[in-house]
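Fold and contact review
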Amino acid sequence: MGHHQLDTLDEQILRLIAENARIPFLEVARACNVSGAAIHQRIQKLTNLGVLKGSEFVIDPEKIGYETCAYIGIYLKDPSTFDAVLKALEAIPEVVECHFTTGKYDMFIKLYARNNHHLLSIIHDKLQPLGLSRTETLISFHEAIRRQMPIQTEEEEEE
């Protein structure tokens, strides 16, 4: 998980595609004043290094009927069940993220439910049987900020 040194062309490319993942490579090439082949090679290099992790379409959960976004801190009864609980969480389609964190929780997950009643059933019927001692749930009313990491030079970071 090393840090990779990016040159100015890499930074320009990342800024452009982070702003619009569907931007044509030729448009990126024009903006960077290089050939389309150079952009293809750089994108491939950044992908191979793991700087870029593919591209995807993002589904808006609300538009498909999932109106409740919740974050749940999980306390395990037995920490040795960590791997089994993780595997079980992967099988619950409503769980979209799972984090190992510092602090009071053993795990911290993000999930989407159709409504609060559905959220309750997920907690009661899908999470509690996993051997949890308890959970703490936070419901998100609205995602106010969502963005890619900014691409900054070291000089910009020091300002």
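Below, the structure is looked at part by part. (Residues numbered from 1 in each chain as written. Predicted model: local features only at pLDDT ≥ 70, side-chain atom pairs only at ≥ 80, totals over all residues. Heavy atoms only, no water.)

1. Some thoughts on the packing of aromatic side chains
The final tally for this structure, using the stated rule, is four aromatic pairs. On the numbers, 5.4 Å between centres and 70° between planes, the contact of Tyr-75 with Tyr-105 is edge-to-face. Of this pair, Tyr-75 sits in strand S1 (residues 68-76) while Tyr-105 sits in the loop between strand S2 (95-99) and strand S3 (107-113), and the two are 30 residues apart along the sequence. Residue Tyr-75 is classed as buried on the basis of its relative accessible area of 12%. Three or more aromatic residues link up through ring pairs in this structure, and these residues are Tyr-71, Tyr-75, Tyr-105 and Phe-108. In this structure, Arg-134 is placed above the aromatic ring of Tyr-75, and the distance from its NZ or CZ to the ring centre is 4.1 Å. (Phe/Tyr/Trp six-rings, centres within 6.5 Å; stacked < 30°, edge-to-face > 60°. Helix = DSSP H or I, 4+ residues; strand = E, 2+ residues; numbered from the N terminus. Buried < 20%, exposed > 50% of the residue type's maximum accessible area, 1.4 Å probe, protein only. Lys NZ or Arg CZ within 6 Å of the ring centre and 35° of its normal.)

2. Side note on the nonpolar core
Judged by nonpolar contacts, the single largest core of 17 residues is most densely connected at Ile-72, Ile-74, Leu-89, Ile-109, Leu-111, Leu-119 and Leu-127. Taken together, the elements giving at least two residues each to this core come down to S1, helix H4 (82-90), S3 and helix H5 (116-127). Ignoring sequence-local partners within four residues, the contact set of Leu-111 consists of Thr-68, Cys-69, Ala-70, Ile-72, Glu-94, Val-95, Val-96, Leu-119, Ile-122 and Leu-127. In terms of nonpolar packing, the next biggest core, distinct from the first, is built from twelve residues, Leu-14, Ile-23, Val-28 and Ala-29 among them. (Core = buried A, V, L, I, M, F, W, Y, C linked by side-chain atoms within 4.5 Å. Contact = heavy atoms within 4.5 Å.)

3. A look at the pattern of salt bridges
In this structure the tally under the stated criterion is seven salt bridges. Ionic pairing is found between Asp-10 and Lys-45, a salt bridge with its closest N-O pair at 2.9 Å. Note that Asp-10 is positioned in helix H1 (residues 8-19) and Lys-45 in helix H3 (residues 36-48), a separation of 35 residues in sequence. Judged by relative accessible area, Asp-10 falls into the buried class, the value being 1%. On the basis of relative accessibility, which here comes to 33%, the residue Lys-45 falls in the partly exposed class. (Salt bridge = Lys/Arg side-chain N within 4 Å of Asp/Glu carboxyl O.)

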